[in-house]
Amino acid sequence: MNRDGNCISLWQDMPDYISKNLPAEADVVIVGGGITGLSTALKLQREGKKCVVLEAQNIGFGTTGGTTSHLNTLLDTPYYQIKKDFSAEAATQVYEVTHKALALIEKNILGYEIECGFDRKAAYLFAHDEKQEKELDKIIEATNEAGLHIKESSDIPVPLSFRKAAKAADQAQMHSTKYLYGIAGAFDRMGGCVVQNCRATQVTHENGETVVHTTKGKIKTAHVVYATHIPPGINILHTRCAPYRSYAIAVTLNDENYPDALVYDLDEPYHYYRTQEVDGVKYLIFGGEDHKTGHEENTEYRFAKLESYLRKHYDINEVAYKWSSQYYESVDGLPYIGHLPGNPSNVWVATGFGGNGMILGTVASCILSDLICKGDSPYAALFSPARFKPVAGFTNAVKETADVISTLISQKISVEKIQGMSELSHNEGKVGKYEGKNIGVYKNNDGRLFAVHPDCPHMGCSVEWNQSEKSWDCPCHGSRFSHTGEVLTAPAIKGLTCVELVEQESIKQKV
Ligand SMILES: Cc1cc2nc3c(=O)[nH]c(=O)nc-3n(C[C@H](O)[C@H](O)[C@H](O)COP(=O)(O)OP(=O)(O)OC[C@H]3O[C@@H](n4cnc5c(N)ncnc54)[C@H](O)[C@@H]3O)c2cc1C
């Protein structure tokens, strides 16, 4: 199974999923074959809708293939924050709907007999210092108020020192792509249709007809759902979601010290731990080192930091897998699920899941299914993509947008990167200047050069080279491209423009 990066994740050892041909019409076209798209398709198909899932590459190609698959009702956005920025009722609703989503995953696994290593686990949070201890106190109080029982714990299942810890029961974990394939199979058996290698390029609304244009032809539909992690094209949600990258390693140990729980510290960014057995082998999955996409020149260093941190506490036998992937943080910490602003009323979206998209993507499937089938959902207002929270939202929006603007300006005048071009080694890429123009160049292992215009076709920001995943990443809205310029990750619909071979030859002489 392919993924949108060069590193291999723990979840990629899957057979090819068999695709179908593009039908002429559907009740609902769902764009994107990750957890959000396939969960939504399954839910709607079960409600009697004829659904078609369009996946640009293969199912699991996006972040669902690069996740770490903790299933939480204890979310990255703490309940005290939700209570403060929204209301106490909103915090209760968030707990209620994530609790239902986790139950739905479990029900699907039991009902469709999906073998995906699903296990209920406790989750531990622990504080290293006084500041974190105060934070933990606030978390404990508000989490209990929201409805999730969490209590102080005198121990933690990882060999680290701590000042204070808390334990919440009834969280869970699973193998992400085994679950994804399982629900795709169930959807297929119900008459659903998954079309892979089929990119949605445009949606038109003419004479009362909605048509999705794809690389495999057109399909007429009553509804369109963008389950592409971030909607393609240009939309208000691109100014309200910021792309981040997180790193994970899966290691085997020389002893049996694997944590039998989900564990999180309160560092900024935080570290996350859990264990998963795959094909009879136990792996400790450890993640963290998050940063804004395109804001780290040395992505390999992030892996090195993760590994050295873990080695201080564990007797590691082998680092079997290391990978990174992208997520989208919303300005107010809650996802956007519902009608896609600026579009006709039959266009839907789910995005801004932060680091909880396995559960929030499942939440999205329930809300979108209710909105499409019943015209309403008890959670529609809370997660509405049209909301704008004046307090938390405004402050964050300014910060994120300011970053976008400064990126636009500074990336276009960087002198340092130009000088760096002459130092390009094998298997490395860089943006620099060539004959007065910005150019992105990657030199592969054989010394062959690949050059692209580094202006992102989405909104014109300059892309950055991601050395670990061998991709061009846009720091503004998270579009990502292969070394030859093909789109890996939305919102871009078109790839980077390649620089002609003539220029490539002259670059070769200089580099
Ligand atoms: C390192 C890391 C660890 C994480 N760990 C956790 C965790 O432990 N628990 C948790 O809950 N969440 C976690 N998350 C977040 C979670 O994995 C994601 O939010 C979730 O997988 C997103 O699923 P999705 O279906 O919305 O998007 P994706 O899985 O990204 O799927 C989108 C799909 O849309 C396709 N697509 C895009 N554009 C088009 C187009 N135009 N036409 C057709 N197809 C298109 C893509 O190819 C892709 O396959 C983690 C994220 C990261 C980065």
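Quick caveat: nothing in here was measured; it's all calculated off a predicted structure.

**Here's the deal with the pattern of salt bridges**
- Per the stated rule, a full pass over the model turns up 26 salt bridges.
- We note a salt bridge from Glu130 to Lys134, for which the minimum N-O separation is 3.9 Å. Residue Glu130 and its partner Lys134 are both found in helix α4 (residues 130–146); the two are separated by 4 residues, about one turn of the helix.
- The salt bridge partner of Asp332 is Arg387, with a shortest N-O separation of 2.8 Å.

**Regarding helix α3 (residues 88–111)**
- In a regular helix each residue adds 1.5 Å, so 24 residues correspond to 34 Å; α3 covers 34 Å between its end C-alpha atoms and thus fits that length.
- Positive phi shows up at Glu113, right after α3, with a value of about 50°.

**So, the pairing of strand β2 (residues 51–54)**
- On β2, burial covers both faces: Cys51 and Val53 on one face and Val52 and Leu54 on the other are all buried.
- As paired elements, strand β1 (residues 25–31) and β2 share 4 bridges and run parallel to each other. Of the residues in β2, the one forming a bridge with Val28 is Cys51.
- The parallel pair β1 and β2 is bridged by helix α1 (residues 35–46), and the resulting crossover is right-handed.
- Pairing of β2 with strand β7 (residues 193–195) involves 3 bridges; the strand directions are parallel. By the bridge assignment, Val52 is partnered in β7 with Cys193.

Reading guide: rules and limits
Residues numbered from 1 in each chain as written. Predicted model: local features only at pLDDT ≥ 70, side-chain atom pairs only at ≥ 80, totals over all residues. Heavy atoms only, no water. Salt bridge = Lys/Arg side-chain N within 4 Å of Asp/Glu carboxyl O. Helix = DSSP H or I, 4+ residues; strand = E, 2+ residues; numbered from the N terminus. Expected span 1.5 Å × (residues − 1). Buried < 20%, exposed > 50% of the residue type's maximum accessible area, 1.4 Å probe, protein only. Pairing = 2+ DSSP bridges. Right-handed = clockwise from strand over helix to strand, strands pointing away.

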